[in-house]
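For reference, the chains in residue letters:
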Amino acid sequence: QVQLVESGGDLVPAGGSLRLACPASGGAINDFPVSWFRQLPGKEREFVAGLSWTNSTTYYADAVKGRCTVSRDRAKNTVFLQVDRLKPEATALYYCATKRTTWATLTAGAKDYDYWGQGTQVTVST
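Residues numbered from 1 in each chain as written. Predicted model: local features only at pLDDT ≥ 70, side-chain atom pairs only at ≥ 80, totals over all residues. Heavy atoms only, no water.

A. Inspection of the sheet that holds strand β1 (residues 3–4) at higher detail. Across the sheet, which stays open at both edges, the four strands sit in the order β1-β3-β8-β7 with antiparallel pairing between neighbours. Where the open sheet ends on each side, the last strands, each with one partner, are β1 and β7 (68–73). (Pairing = 2+ DSSP bridges. Helix = DSSP H or I, 4+ residues; strand = E, 2+ residues; numbered from the N terminus.)

Structural data, given as structure tokens:
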């Protein structure tokens, strides 16, 4: 039902910044938690950052704390991920995901999410 289309990924130098966007269509995401995941080559998809449906709670993976900020623009039905001071090890395919149950609790497990975007590539050069 809900479709997510990530954008904003790019090739950037180490130390640079990106702002990833995840607009939703087919339904509002106002009442759902939204999280970002990333997948490095040869590795499992991992949690990056998440935002509760109320916008009152955020979770960040230890690897990105202090470098990422997740936010939501309800009017635009879009979730964002601001990433700063990028490192080469952040190179990955980044996904936006949300749950199908309204007012669901924010969690960090990929298996907890029902709707996924196609991913947007972030490549950090040295």
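B. Examining the pattern of salt bridges more closely. Summed over the entire model, instances satisfying the criterion amount to three salt bridges. For E46, the salt bridge identified is with R38, shortest N-O distance 2.7 Å. In this structure, the salt-bridge partner of D114 is R100, at a minimum N-O distance of 3.9 Å. A residue pair is termed long-range when its members are at least 10 positions apart, and D114 in the loop between β9 (92–98) and β10 (115–116) and R100 in the loop between β9 and β10 qualify at 14 residues. (Salt bridge = Lys/Arg side-chain N within 4 Å of Asp/Glu carboxyl O.)

C. Region of interest: the pairing of β9. The buried fraction of β9 is high, at six of seven residues. Pairing of strand β4 (residues 34–39) with β9 involves six bridges; the strand directions are antiparallel. Bridge pairing links F37 to Y95 in β9. Of the pairings in the sheet, the one linking β9 to strand β11 (residues 120–125) comprises three bridges and is antiparallel in character. Looking at the pairing, Y94 lines up with T120 of β11. With two bridges joining them, β9 and β10 adopt antiparallel strand pairing. Paired with A97 across the bridge in β10 is W116. (Buried < 20%, exposed > 50% of the residue type's maximum accessible area, 1.4 Å probe, protein only.)

D. View of the nonpolar core. Counting residues in hydrophobic clusters, the biggest one holds 34 residues, and the most contacted among them are W36, V48, L81 and Y94. Those elements that place two or more of their residues in this core are β3 (18–25), β4, β5 (46–51), β7, β8 (78–83), β9 and β11. (Core = buried A, V, L, I, M, F, W, Y, C linked by side-chain atoms within 4.5 Å.)

E. Region of interest: the state of the cysteines. A full pass over the atoms with the stated rule returns one disulfide. Unpaired in this structure, C68 has its nearest cysteine sulfur neighbour in C96, at a distance of 13 Å. (Disulfide = S-S within 2.5 Å.)

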